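Residue-level listing of the chains:
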Amino acid sequence: MREWEAARAEAAGSRRGAVLVLDEIQNIPQWSSTVKGLWDADRWENRPLHVVVLGSSPLRMQSGLTESLAGRFTPIEVTHWSFSEMAEAFGLDLPSYLYFGGYPGAASMVRDQTLWRDHILKALVAPNIERDVLAMTRVDKPALLRQLFELGASCSGQILSYTKLLGQLQDAGNTTTLARYLDLLQDAGLMAGLPKYASRPHRRGSSPKLSVLNTALMTAGSGYSFEEARADRTFWGRIVESAVGAHLFNTATSDIRLYYWRDGQHEVDFVMRRGPRLVAIEVKSGPRRASPNGLRTFETRFRPQRVLLVGEGGVPLNEFLAAPAGYWIEDE
């Protein structure tokens, strides 16, 4: 309240107004109700004060915004750092970014991989699940949610049916529970389950393609060192595919939908759709075989506006990661 009053005085004495920035606001009890009262009073008095509220807990921020501040805010989502940002700020090359991911706070630890791994798992992932997810919404099976994250991180880049997931988890409940928990992990910025693309929405099935939203979430718990991950070309291929999926998800605007596609032996890694526009994306990394037949079959069946091969023989991976998802769906 004292800071808000000081900002009001600053705004009143300036022809351009003032900006008040409140960081980690989710830690203040009943913050959204307080902000609502102060904000409404400023609008009534026509004070030239702009307010920015920041928080590192997506679910707790979202809860406060929707409960008390509906219609009063414009959300600006800050996702995981991109390759370009990590390269510019910390000098990470492409292989390092693929393995260590887009956590700026952990960038100084990459020379000590044990320290880095503990930081990711114990200082970032565990609090995110315990504090943000479990504390903010009803979760009847918290152990199941943790298992789902661990399994999903280890299987990132793979398509798994909910039935198969049930078979690999203890006390798994039902597919509806798993789907809801996967949505919670997505809201927390940890992992997404991309649905299968079909021309008719009601035909999109129940076998999601799991994708971490930061490759550090995949590598930190894998048991692989950076050197070992690069030597295992199959595992490295899944890291590359996961990095592409994370980049698409983190940079896609709200009007872009992301999918994968598979029909029998034919598969396309990622499908982007915005309105009538459709883009098919296949990732090629090292010995991992791309699926040209999958792309050709998809192109024949759905007539996408663009077909992209990312990696060897196509758009270089560093160039693809330098442009947001919307760039690749624009008119050529």
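As a reminder, the structure under discussion sits directly above these lines.
Residues numbered from 1 in each chain as written. Predicted model: local features only at pLDDT ≥ 70, side-chain atom pairs only at ≥ 80, totals over all residues. Heavy atoms only, no water.

Our next topic: helix α1 (residues 2-12). Trp4, Ala7, Arg8 and Ala11 are the residues of α1 that are buried. Buried residues of α1, viewed axially, fall in a sector of 105°; they line one side. Every exposed residue of α1 that faces more than 90 degrees away from the buried side is listed here: Arg2, Ala9 and Glu10. The inward-facing, buried residues of α1 contact β1 (18-22), α2 (31-45) and β2 (49-53). (Buried < 20%, exposed > 50% of the residue type's maximum accessible area, 1.4 Å probe, protein only. Helix = DSSP H or I, 4+ residues; strand = E, 2+ residues; numbered from the N terminus. Arc of directions from axis to C-beta. Contact = heavy atoms within 4.5 Å.)

A separate point is the pattern of salt bridges. The full count for this structure, using the stated rule, is 9 salt bridges. Its salt-bridge partner being Glu5, residue Arg8 comes within 3.0 Å of it at the nearest N-O pair. Taken as a pair, Arg8 and Glu5 lie in helix α1 at a separation of 3 residues, close to a single helical turn. Exposure remark for Arg8: the relative accessible area of 11% places this residue in the buried category. Given the relative accessible area of 37%, Glu5 is considered partly exposed. (Salt bridge = Lys/Arg side-chain N within 4 Å of Asp/Glu carboxyl O.)

Moving on, we get to the packing of aromatic side chains. Going through the model one piece at a time under the given rule, you end up with 17 aromatic pairs. Consider the rings of Phe100 and Trp116, whose centres lie 5.0 Å apart with planes at 90°: the pair is edge-to-face. With Phe100 in helix α5 (residues 94-100) and Trp116 in helix α6 (residues 113-136), the pair connects residues that are 16 residues apart, well separated along the chain. The residues Phe100 and Trp116 share a single accessibility class, namely buried. Ring plane angle 75° and centroid distance 6.3 Å describe the contact between Phe226 and Trp236, whose orientation is recorded as edge-to-face. You can see Phe226 sitting in helix α11 (residues 226-231) and its partner Trp236 sitting in helix α12 (residues 233-251), a full 10 residues away along the chain. One exposure class covers both Phe226 and Trp236, and it is buried. Counting every residue linked through ring pairs, the aromatic cluster contains Tyr99, Phe100, Trp116, Phe226 and Trp236. (Phe/Tyr/Trp six-rings, centres within 6.5 Å; stacked < 30°, edge-to-face > 60°.)

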